[in-house]
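Working through the structure, step by step
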Amino acid sequence: MVTRPNVLLITTDQHRGDSIGADPACPTDRHGDPLVHTPNLDALIGDGAMFTRAYAPAPSSIPARRCLWTGKRPASVDATTYHDRPWEFDYTLPGLLRDAGYQTRLTGKTHSIPARRHFGFEDVTLHAGLSGQADDYSEWLDSEYDGADEIGHGVGRNSWDARPWHLPERAHPTNWTTERAIEFFEKRDPTRPFFHYVSYVRPHQPYDPPQPYWDAYDDRDIPAPPVGDWAEEVYGDRIPEYPSLNAWLADLPAETARRARVGYYGSVTHVDHQLNRLFRALGRTGAAENTLVVFTSDHGDVLGDHNVWRKTFAYEGSARVPMLCRFPSGSDYETGRQIDRPVGLEDLLPTILDVADVEVPDAVEGRSLTALWDDDGADWRSRYHGEHGPCYDPDTGTQFLVDETTKYIWHPTTGRELLFDLENDPNETENLAADPDHREELATWREALIDRLDGRPEGFTDGESLQTVAAADGWR
């Protein structure tokens with residue numbers, strides 16, 4: 001008889017923290033209702049909790065996932081930026097659970113290097129979602145639909161362009177991932193607890209939901225992307241007149257930007273409805289009550305905020321992610337809560353190991369969220385630190401600190417500082433760093449970042465002040 005709790009960890013790719021209907025910052029339509037429709041994700045909170053200040057430690061796929069699987073900070077796991085170096089770890093979350101007797105399965109995206117590396121999973125059914133990389137989904141699609149291509153509709157994998165899905169809904173990778181995950185529930189080893197990681201590629205580009213999900217948002221009153229009072233100074237003279245289709249910086253026509261959000265929000269709701277299928281299938285096996293469910297994402301999507309697109313940035317659209325948990329039955333934790341303490345992806349490894357009663361390695365730098373499930377006023381980190389090295393451009397590298405109400409951003413190649421009141425300005429439109437009335441507050445945040453970066457080999461600080469660095473000098 002299996003008594004230890006199962007674990008179902010679900011991630012989407014490039015999912016903004018405000019793109020959950022229950023999230024306090026979720027945009028509203030003209031009637032004042034939450035714009036993004038996610039009834040199945042919202043329902044998880046009733047039997048668990050939602051973290052409203054959850055962040056990617058390094059907001060792009062590869063570094064964020066390296067932190068997730070090791071419970072370490074970016075600088076400790078060679079993950080301060082997007083790179084293609086092989087994955088070599090002393091331990092991983094699935095490996096630790098496998099060694100403790102769990103059946104470990106990954107369905108969907110890994111973004112490991114090389115792509116077929118299992119890093120602790122006994123079985124992987126792969127949808128890579130990367131151009132030129134064969135995977136199980138592409139092989140299935142080719143076989144079932146006469147040579148069809150996932151991006152045969154012509155929209156690129158990192159493009160701001162959008163259109164509805166071009167094949168039957170059943171052929172969409174979101175549906176395929178759900179089908180393969182359900183098969184695992186139906187055929188798994190019932191004598192062992194399971195750790196099942198279900199990893200959806202959407203709502204990452206292409207923004208291509210099936211037609212009904214496109215239609216659900218196409219007639220909605222979708223707000224235009226916010227543009228901060230500081231954006232002209234930071235990006236104004238660099239916005240291209242004719243942006244490429246995968247541009248990270250673009251002041252697009254209003255209708256083009258609106259279509260991107262139609263496709264993006266439609267993709268979110270499509271995933272949400274497929275989760276209903278997944279949860280019902282889990283329930284049919286009789287395992288649902290004894291399963292911890294965690295939902296999150298590797299990073300967000302700036303989606304045109306401040307004329308910026310894609311990810312890697314410290315802005316809320318890029319760095320903040322959804323994080324929801326449904327507790328196993330019999331837990332004593334209070335349910336139905338929104339917890340505002342700052343948390344990150346590296347906290348999931350110690351959390352899941354705690355629930356599974358598996359020893360947490362000494363090298364882990366994350367903290368178990370069970371402390372906040374017990375008491376959201378418990379002793380916790382006062383600020384969360386995130387970073388990302390230069391990616392699209394030498395000046396796109398960033399360092400940030402955030403707490404329940406405020407965010408501080410520093411750009412190491414330019415020395416530029418941003419300070420946002422997230423409580424009253426969740427869209428980060430007003431830079432308080434330029435306001436003399438916030439000079440002392442700015443200095444406090446700057447000192448906190450100096451303390452966090454002291455001793456780093458990049459030379460971000462001499463211990464007394466922040467020091468600008470050139471991207472070419474080894475910051476990567």
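Before going into details, it helps to say that this report is about the structure given with it. (Residues numbered from 1 in each chain as written. Predicted model: local features only at pLDDT ≥ 70, side-chain atom pairs only at ≥ 80, totals over all residues. Heavy atoms only, no water.)

Before going further, it helps to spend a moment on the overall build of the protein chain. Within the protein chain, the regular secondary structure consists of 12 helices and 14 strands. In terms of overall size, the protein chain behaves like a compact globule, its C-alpha atoms giving a radius of gyration of 21 Å where 476 residues would be expected to give roughly 23 Å. Judged by the C-alpha coordinates and their principal axes, the protein chain covers about 65 × 50 × 45 Å. Across the 476 residues that make up the protein chain, the buried fraction comes to 60%. Carbon together with sulfur atoms contributes 43% to the accessible area of the protein chain, which is approximately 17,800 Å² in total. (Helix = DSSP H or I, 4+ residues; strand = E, 2+ residues; numbered from the N terminus. Rg over C-alpha atoms; globule rule 2.2 N^0.38 Å. Buried < 20%, exposed > 50% of the residue type's maximum accessible area, 1.4 Å probe, protein only. Areas by Shrake-Rupley, 256 points an atom, 1.4 Å probe, with all protein chains shown as cover.)

Summed over all chains, the structure comprises 35 salt bridges. E316 is the partner of R53 in a salt bridge, and the nearest nitrogen-oxygen pair spans 3.4 Å. Residue R53 is located in the loop between β2 (48-51) and β3 (54-55), and its partner E316 is located in helix α9 (residues 316-319); the two are separated by 263 residues in the primary sequence. With relative accessibility at 10%, the residue R53 sits in the buried group. (Salt bridge = Lys/Arg side-chain N within 4 Å of Asp/Glu carboxyl O.)

This paragraph deals with the environment of P203. Looking at where P203 falls in the secondary structure, it is placed in strand β6 (residues 194-203). Expressed as a C-alpha distance, the spacing of P203 and A148, which sit 55 residues apart in the sequence, is 21 Å.

The next point concerns the sheet that holds strand β5 (residues 123-126). Reading across the sheet, the eight strands line up as β5-β4-β6-β1-β7-β8-β2-β9 and stay open at both edges, with mixed pairing between neighbours. Edge positions in the sheet fall to β5 and β9 (337-339), since each has one partner strand and no second. Between one strand axis and the next, the sheet turns by 15° as a mean value, whatever way the strands run. Here strand β7 (residues 291-297) pairs with strand β8 (residues 323-326) via four bridges, running antiparallel. The partner of V293 across the bridge, within β8, is R326. Along the sheet, helix α8 (residues 254-284) contacts β1 (6-13), β6, β7 and β8; its crossing angle with β6, the most-contacted strand, is approximately 155°. (Pairing = 2+ DSSP bridges. Axes fitted to C-alpha atoms, helices over the stretch in contact; angles between N-to-C directions. Contact = heavy atoms within 4.5 Å.)

This part takes up helix α5 (residues 173-187). Over its 15 residues, α5 runs 21 Å from end to end, which matches the ideal 21 Å to within 8%, given 1.5 Å per residue. The set of residues buried in α5 consists of P173, T174, N175, W176, T177, T178, R180, A181, I182, F184 and F185. Close packing links the buried residues of α5 with β1, β4 (103-108), β5, α4 (136-144), β6 and α8. (Expected span 1.5 Å × (residues − 1).)

Next up on the list: the nonpolar core. Within the largest apolar cluster, 48 residues are counted, with the highest numbers of intra-cluster contacts made by F51, W69, L97, F195 and W373. Broken down by element, this core gets its largest block of residues, six residues, from helix α10 (residues 348-356). Apart from residues lying up to four places away in sequence, L97 is in contact with Y102, T104, F195, I352, L353, A356 and V358. (Core = buried A, V, L, I, M, F, W, Y, C linked by side-chain atoms within 4.5 Å.)

Before going further, it helps to spend a moment on the packing of helix α6 (residues 211-218) against α8. A pair of packed helices can be characterised by two numbers: the angle between their axes and the separation between those axes. The N-to-C vectors of α6 and α8 enclose an angle of 125°; their axes lie 8 Å apart at closest approach. As far as their axial angle goes, α8 and α6 are oblique. Relative to α8, α6 is oriented so that their crossing is right-handed. In contact with Y213, W214, Y217 and D218 of α6, α8 contributes R258, R259, V262, G263, Y265, G266, T269, H270 and H273. (Parallel < 35°, antiparallel > 145°, perpendicular 65-115°, else oblique. Left-handed = near helix turned anticlockwise from the far one by under 90°.)

The subject of this paragraph is the sheet that holds strand β11 (residues 384-388). Strand order in this open sheet of four strands is β11-β12-β13-β14, and the pairing throughout is antiparallel. On the outer flanks of this sheet lie β11 and β14 (417-421), each paired with one strand and no other. Shown here is a sheet whose adjacent strand axes are inclined to one another by a mean of 15°, direction ignored. The sheet contact formed by strand β13 (residues 406-410) and β14 spans five bridges and is antiparallel.

Under the counting rule described, the total for this entry stands at zero disulfides. Free of any disulfide, C26 has its nearest neighbouring cysteine sulfur in C325, separated by 19 Å. What makes C26 buried here is its relative accessible area of 8%. The thiol sulfur of C325 is not disulfide-bonded, and the nearest other cysteine sulfur, from C67, lies at 18 Å. On the basis of relative accessible area, C325 is assigned to the buried category, the value being 1%. (Disulfide = S-S within 2.5 Å.)

Turning to the pairing of β4, a few remarks are in order. Looking along a regular strand, one sees the side chains alternate between the two faces of the sheet. Counting buried positions along β4 gives six out of six residues, so the element sits mostly inside the fold. Pairing between β4 and β6: six bridges, direction parallel. Bridging from a neighbouring strand, R105 pairs with H196 of β6. Pairing of β4 with β5 involves four bridges; the strand directions are parallel. Across the sheet, the residue bridging to L106 is V124, located in β5.

A separate point is unusual backbone geometry. Omega for the peptide link from I113 to P114 comes to -5°, which places this bond in the cis form. With respect to the element layout, P114 can be found in the loop between β4 and β5. Here the bond from R202 into P203 is cis, since omega is 15°, no more than 30 degrees from zero. Despite not being glycine, L303 shows a phi value in the positive range, around 60°. Position of L303 among the secondary structure elements: in the loop between β7 and α9.

Burial within helix α2 (residues 61-70) is extensive, with 10 of its 10 residues counted as buried. All buried positions along α2 are accounted for by S61, I62, P63, A64, R65, R66, C67, L68, W69 and T70. Those residues of α2 that are buried are in contact with β1, α3 (93-99), β6, α10 and β11. Positive phi shows up at G71, right after α2, with a value of about 70°.

Attention now moves to the side chain of Q14. By secondary structure assignment, the location of Q14 is in the loop between β1 and α1 (39-44). Assessed through its relative accessible area of 0%, Q14 is described here as buried. Engagement of the side chain of Q14 in a polar contact is seen with the side chain of Q205, the distance being 2.8 Å. (Polar contact = N/O pair within 3.5 Å; in protein donor to acceptor, adjacent residues only side chain to side chain.)

Just geometry here; none of it tells us what the structure is for.
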